[in-house]
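# Coordinates in review
Residue strings, one per chain:
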Amino acid sequence: MPSIDVYEAMRTLRAVRRLRPDAIPDDVLERVLEAATWAPTGGNQQPWRIVLARAAGVKQRLGELYAESWRRFSAVYEERIARLPAEQQAAQRKMVAAGDYLAAHFHVAPVVAVFCFSPKMMAITDAKLARVSVVGGASVYPAVQNFLLACRAEGLGCVLTTLLCEHEPVVRELLAIPEPWGTAAAMPFGYPVLRGHGPIRRRSVTELVYDDRFGEAHTRGAE
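Fair warning: this is a prediction, and the values are worked out from it, not measured in the lab. (Residues numbered from 1 in each chain as written. Predicted model: local features only at pLDDT ≥ 70, side-chain atom pairs only at ≥ 80, totals over all residues. Heavy atoms only, no water.)

### What to know about the overall build of the chain
To be explicit about the condition: A run of H or I in DSSP counts as a helix once it spans at least four residues, and a run of E counts as a strand once it spans at least two, with each numbered from the N terminus. Each radius of gyration is computed over the set of C-alpha atoms, and the globule rule expresses the reference value as 2.2 Å times the number of residues to the power 0.38. Only protein chains enter the calculation, and the probe is 1.4 Å; a residue is then buried if its accessible area is under 20% of its type maximum, exposed if over 50%, and partly exposed in between. In this description, contact between two residues means that some pair of their heavy atoms is separated by no more than 4.5 Å.
In terms of helices and strands, the chain carries seven helices and four strands. Along the chain, helices and strands appear, N-terminal first, in the series α-α-β-α-α-β-α-β-α-β-α. On C-alpha atoms alone, the chain measures out to a radius of gyration of 19 Å, which is about the 17 Å that the 2.2 N^0.38 rule sets for 223 residues. With the principal axes as the frame, the chain shows a C-alpha extent of 55 × 45 × 40 Å. Residue burial in the chain is summarised as follows: out of 223 residues, 39% are buried. Of all intrachain contacts in the chain linking residues separated by at least 6 positions in sequence, the fraction that spans at least 24 positions is 81%.

Structure (structure tokens):
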């Protein structure tokens, strides 16, 4: 069984969108799936399930739906890129190009993992607030992250996508997902075409963490 330091896995977990069609060995696949089951959930209910899309026709249809949404999304993103300083545009256009590749080759991945959830099994404590509800995701996306980290450990490329959620009625019919289950994410995964995972760019702790009050600068080592 492969082993990687957890901090190394987290700081090198890239969105890998260029994947080969090569089959994933059964033992590797089972380890990745088991890793997802270890994630914490509210009341240990595990209100999520994974549908593994493997059939060529199913992946082809998922890819068509994904590409439809990606075309709209990328057009908006291109407009935003055009307003960025010139020195920032190249990196953003590279990311869009990778997204274009995924949209054209979504079906090439040997497996697409579609994460589903049941709201009936969740304590959604923010459901009545006057904003978008997010609490339910706390019992789904930790499993998604475990899945991604396990892919990283196994040398599998992977990418978290949610555009197929726009097509949930069609996806539910395609994958025979019953009521009241919904879709939370779809992740094509497989061995990477290029080098796959590597160093990532993220904002620093000082930009994202505050002390005591929102907006109050975080001081390292403060008591």
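### Considering the pattern of salt bridges
Under the convention used in this document: Any carboxyl oxygen of Asp or Glu that lies within 4 Å of a side-chain nitrogen of Lys or Arg is treated as forming a salt bridge with it.
Counted by the stated rule, this structure contains 10 salt bridges. With a shortest N-O distance of 2.9 Å, Arg131 and Asp126 are connected by a salt bridge. Between Arg172 and Glu179 there is a salt bridge, with the nearest N and O atoms lying 3.5 Å from each other. Here Glu179 falls in the exposed class, since its relative accessible area comes to 63%. Salt bridges linked by common partners bring Asp27, Arg31 and Glu154 together as one network.

### So, the sheet that holds strand 4 (residues 182–190)
In plain terms, the rule: Whether two strands pair depends on DSSP finding at least two bridges between them. In this analysis, axes come from line fits to C-alpha atoms, helices being fitted only over the stretch in contact, and the angle between any two N-to-C directions falls in the range 0 to 180 degrees.
Strand order in this open sheet of four strands is 1-2-4-3, and the pairing throughout is antiparallel. Only two strands of the sheet have a single neighbouring strand rather than two, namely strand 1 (48–53) and strand 3 (157–158). In this sheet, strand 2 (residues 111–117) lies alongside strand 1 in antiparallel orientation, the contact comprising six bridges. Within strand 2, the position partnered with Ile50 by the bridge is Phe115. Contacting strand 1, strand 2 and strand 4, helix 2 (residues 26–37) crosses the sheet at an angle of about 160 degrees to strand 1.

### What about empty space enclosed by the protein?
Counted only if it meets this: Lining residues are defined by having an atom within 4 Å of a point belonging to a cavity or pocket. Those points lie on a 1 Å grid over the protein atoms alone, cavities being sets where a 1.4 Å probe fits but cannot get out and pockets being open sets with protein on both sides within 12 Å along at least five of seven lines. Grid points are joined across faces, edges and corners, and a volume is the space filled by probe spheres set on the points. Side-chain classes follow a simple rule in which Ala, Val, Leu, Ile, Met, Phe, Trp, Tyr, Cys and Pro form the nonpolar group, Asp, Glu, Lys and Arg form the charged group, and the remainder, Gly included, forms the polar group.
Inspection of the entire model under this criterion finds one cavity of 30 Å³ or more. Its volume calculated, the largest cavity comes out at about 40 Å³. Residue classes in the lining of the largest cavity are distributed as six nonpolar, one polar and one charged.

### Looking at the side chain of Thr161
Heads up, the rule is: For the purposes of these results, a polar contact is taken to be a pair of N or O atoms within 3.5 Å, where, inside protein, one atom must be able to donate a hydrogen and its partner to accept one; residues adjacent in sequence count only when each atom of the pair is a side-chain atom.
By the secondary structure assignment, Thr161 is in the loop between strand 3 and helix 6 (168–174). Engagement of the side chain of Thr161 in a polar contact is seen with the backbone oxygen of Ala186, the distance being 2.5 Å. Other than its neighbours up to four places away in sequence, Thr161 contacts Tyr66, Leu102, Phe106, Ala185, Ala186, Met187 and Pro188.

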